[in-house]
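Next come the chains, spelled out residue by residue.
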Amino acid sequence: MEKKEQWSSRLGFILSSAGAAIGLGAIWKFPYVTGQSGGGAFLLLFVVFTLLIGLPMLVSEFIIGRGSGREAVSAYQKLAPSSLWTVIGKLGVAGCFLLLSFYSVVGGWVLIYTLMALGGQVINSGENYGALFGQITGSPMITIGGLAAFLLINVAVIASGVQNGIEKANKYMMPLLFLFFIILVIRSLTLDGAMEGVRFFLQPDFSNITAEAVLYALGQSFFSLAVGFSCMVTYSSYLNKSVSIPASAGSVALMNVFVSILAGLAIFPVVFAFGFEPAEGPGLLFIVLPSVFSQMPFGSVFLFLFLLLFLFATLTSSFSLLEIIVAAFLKTQASRKKIAAIAGAVVFLAGIPAALSFSLLANVQLFDKTVFDATDYLVSNILLPLGNLLIALFIAWRMNRELVREEFMLSRQFPGGIYSAWYLLMKWLVPLTIVIVFINTTGLFK
């Protein structure tokens, strides 16, 4: 058994948890899902779901992780031995595997764009950035190569242990990501026609909201906070008892909402200023970013720096996904390096169909979706809500209530009403909301 690692400080834990949460969910996925789902109305739903559903869920995963001191699978085995509740951790590992398989495809795109930007090959006079994105994603060799390279980086880091590296790097890289995002927002807001994009993003229009959009908003709040698959259970198992769980979770959630809003303010003004479609889809960020930076002095340099930071945010999120898979098998006799290498290889094989969804397998449809979109939908809108539902039921109805209260109140004595409000949310509002939204969307009882 390897020596148990711990975060060195509350700030390190918060920034590392934020790094795990703030990645593709907030920066890549949120803008295009918002564009496809009605703009401002979707943003409002997302913020409400994040604060009333996602944040309480994040607190719950932190409590389960630190309360057990174990990674995802063992945590439930310790807290509810010889019961069906142990399936939650196994579902989390399976969900992280599926999520990482298509997440790494996009991570490969980010890596490819970063390397191209380093060589000055992205920003060119008169470049059709939509066509460039199509060329990259439409090349089987490039997309599979990007997938492999991205996973190799993950395997190399996880194989050597991630806590010290991720924690130290996040203390520098996450603030820099915020700084460059703010620079990008300022530039976007000064473009002609930018205000139309701001209105689309901030002014709610509920006529565009469908039942599926509500489910997307709920799924996005889970996806962007990395809750539902017990990733944060594993991360918080490394947390010492001197740190306040609710305060830390609140910081992570607020940072995530802030970054999501920055992403929208960076993207949508440019979308409208340059005549793009807000419902562009997964390629939105890769098409819009070069357009913004091409309008700035030293645009190629800024684009490279931003993509480098975006790549780091993407990697810190994927580290948490691979870590939960690897940590689940560390109880075996195999070494961390061997487990990481095998896990990375299996994820790579599983990710190939998603990588080819824009080229050789473009015509392959699963429930009227490409393999990439079908995997995304399964993870974000079915498995994540299911995982969150089970965790909510577990912490409110099965976990030892004295231990739950003790972990909630440790380090900072909140008024009892705050704990009671959180507990009521977890006992009734969170599970009922998940069930109602899911049933309404799937039409199971129509």
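Participant: When you look at the overall build of the protein chain in this model, what are you seeing that I'm missing?
Facilitator: A count of helical and extended segments in the protein chain gives 18 helices and 0 strands. Against the compact-globule benchmark of 22 Å for 446 residues, the protein chain has a radius of gyration of 21 Å, which places it among compact chains. Overall, the protein chain is about 65 × 50 × 45 Å in size when its C-alpha atoms are taken along their principal axes. Counting every position in the protein chain, which comprises 446 residues, the buried fraction comes to 59%. Residue pairs at least 24 apart in sequence account for 84% of intrachain contacts in the protein chain once pairs closer than 6 positions are excluded.

Participant: Even after reading the chapter, I still don't get a nonpolar patch on the surface, so can you show me in this structure?
Facilitator: Together, L44, V48, L51, L52, F206, L254 and L429 line one region of the surface with nonpolar side chains, adding up to about 600 Å² of accessible area. Along the chain, the position of L429 falls in helix 18 (residues 416-442).

Participant: Explanation requested: helix 16 (residues 371-397) in the structure shown.
Facilitator: Since one α-helical turn is 3.6 residues long, residues separated by three or four positions face the same way. With 27 residues, helix 16 ought to run about 39 Å at 1.5 Å a step, and its terminal C-alpha atoms sit 37 Å apart, in line with that. L383 marks where helix 16 bends most, by close to 35°; the proline P385 follows one to four residues later. Most of helix 16 sits out of view: 20 of its 27 residues are buried.

Participant: I tried to follow helix 9 (residues 194-202) on my own but got confused; where do I start?
Facilitator: Within helix 9, the full set of buried residues consists of A194, G197, V198, F200 and F201. Summarising the axial view, the buried residues of helix 9 lie within an arc of 160°, below the 170-degree limit, and thus occupy one face.

Participant: Honestly, the side chain of S101 in this entry has me stumped. Any pointers?
Facilitator: Along the polypeptide, S101 turns up in helix 5 (residues 87-118). Among the polar contacts made by the side chain of S101, one reaches the main-chain carbonyl oxygen of L98 at a distance of 2.5 Å. Not counting residues up to four positions away in its chain, the partners in contact with S101 are L147, V347, A350, G351 and T375.

Participant: Quick question: what am I supposed to make of the pattern of salt bridges here?
Facilitator: Proximity of charged atoms lets side chains of opposite charge pair with each other. Under the definition given, this model contains 3 salt bridges. Where R66 meets E407, a salt bridge forms, and the shortest distance between an N and an O atom there is 2.6 Å. Of this pair, R66 sits in helix 3 (residues 40-68) while E407 is found in helix 17 (residues 401-409), placing the two residues 341 residues apart along the sequence. In this structure E407 comes out as buried when scored by relative accessible area, which is 0%. Across the salt bridge formed by E407 and K241, the nearest N and O atoms sit 2.4 Å from each other. Of this pair, E407 sits in helix 17 while K241 sits in the loop between helix 11 (231-236) and helix 12 (245-273), and the two are 166 residues apart along the sequence. Members of the salt-bridge network, linked through shared partners, are R66, K241 and E407.

Participant: How should I be thinking about the nonpolar core in this particular structure?
Facilitator: One broad trend across soluble globular proteins is that nonpolar side chains are buried collectively. In terms of nonpolar packing, the biggest core is built from 161 residues, with I22, I27, I64 and W422 touching the most fellow members. Looking at which element gives the most residues to this core, the answer is helix 5, with 17 residues. The residues touching I22, leaving out its near neighbours within four places in the chain, are I27, M174, L177, F178, S224, M255, N256, V259, A313 and S317.

Participant: Can you help me understand the environment of P140 in this one?
Facilitator: The topology assignment puts P140 in helix 7 (residues 140-159). Spatially, the C-alpha atom of P140 lies 51 Å from that of L410, the residues being 270 residues apart in sequence. Those residues in contact with P140 that sit more than four places away from it in its chain are L356, S359 and L360.

Participant: Looking at this model, I keep getting lost on the confidence of the model for the protein chain. Mind explaining?
Facilitator: Should pLDDT be low for a region, the predicted coordinates there are not to be read in detail. Mean pLDDT over the protein chain works out to 86, with 94% of the residues at or above the 70 mark. The secondary structure element of the protein chain with the lowest average pLDDT is helix 1 (residues 10-21), at 76, and the one with the highest is helix 15 (residues 336-355), at 95.

Participant: Hey, could you run me through the packing of helix 2 (residues 24-36) against helix 12 in this one?
Facilitator: With their axes 9 Å apart at the nearest point, helix 2 and helix 12 run at an angle of 60° to one another. One element, helix 2, and the other, helix 12, form an angle in the oblique class. As helix 2 runs across helix 12, the sense of the crossing is right-handed. Of the residues in helix 12, those touching helix 2 at A26, I27, F30, P31, T34 and G35 are N256, V259, S260, A263, I267 and F268. Classifying every residue of the contact of helix 2 with helix 12 by side-chain character gives 8 nonpolar, 4 polar and no charged.

Participant: Any chance you could explain unusual backbone geometry here in plain terms?
Facilitator: Most peptide bonds are trans, and most residues other than glycine sit at a negative phi. Within the chain, A226 stands out as a residue other than glycine whose phi angle is a positive 60°. With respect to the helices and strands, the residue A226 is situated in the loop between helix 10 (211-225) and helix 11. The backbone of F367 sits at a positive phi, close to 55°, despite the residue not being glycine. Within the secondary structure layout, F367 lies in the loop between helix 15 and helix 16. The class for F367 is exposed, based on a relative accessible area of 80%.

Participant: So what exactly am I meant to see when it comes to the environment of G39 here?
Facilitator: Note on placement: G39 falls in the loop between helix 2 and helix 3. C-alpha of G39 to C-alpha of F200: the two residues are 161 residues apart in sequence and 5.4 Å apart in space. Sequence-distant contacts of G39, defined by excluding residues within four places in its chain, comprise T34, F200 and F201.

Participant: Even after reading the chapter, I still don't get the state of the cysteines, so can you show me in this structure?
Facilitator: The term disulfide refers to a covalent linkage connecting the sulfur atoms of a pair of cysteines. All told, the structure shown has 0 disulfides when counted by the stated rule. Looking at the unpaired C96, the closest cysteine sulfur is the one in C231, lying at 3.3 Å. Here C231 falls in the buried class, since its relative accessible area comes to 3%.

Participant: Would you explain the environment of W109 in this entry?
Facilitator: Tracing the backbone through its elements, the reader meets W109 in helix 5. The buried category is assigned to W109, whose relative accessible area is 1%. Sequence separation between W109 and F133 is 24 residues; the distance between their C-alpha atoms is 9.0 Å.

Cut-offs applied
- Residues numbered from 1 in each chain as written.
- Predicted model: local features only at pLDDT ≥ 70, side-chain atom pairs only at ≥ 80, totals over all residues.
- Heavy atoms only, no water.
- Helix = DSSP H or I, 4+ residues; strand = E, 2+ residues; numbered from the N terminus.
- Rg over C-alpha atoms; globule rule 2.2 N^0.38 Å.
- Buried < 20%, exposed > 50% of the residue type's maximum accessible area, 1.4 Å probe, protein only.
- Contact = heavy atoms within 4.5 Å.
- Patch = residues over 30% accessible without salt bridge, like charges linked within 9 Å, V, L, I, M, F, W, Y side chains within 5 Å.
- Areas by Shrake-Rupley, 256 points an atom, 1.4 Å probe, with all protein chains shown as cover.
- Salt bridge = Lys/Arg side-chain N within 4 Å of Asp/Glu carboxyl O.
- Expected span 1.5 Å × (residues − 1).
- Bend = angle between axes of the 7 residues up to and from the residue.
- Arc of directions from axis to C-beta.
- Polar contact = N/O pair within 3.5 Å; in protein donor to acceptor, adjacent residues only side chain to side chain.
- Core = buried A, V, L, I, M, F, W, Y, C linked by side-chain atoms within 4.5 Å.
- pLDDT = per-residue confidence, 0-100.
- Axes fitted to C-alpha atoms, helices over the stretch in contact; angles between N-to-C directions.
- Parallel < 35°, antiparallel > 145°, perpendicular 65-115°, else oblique.
- Left-handed = near helix turned anticlockwise from the far one by under 90°.
- Nonpolar A, V, L, I, M, F, W, Y, C, P; charged D, E, K, R; others polar.
- Disulfide = S-S within 2.5 Å.

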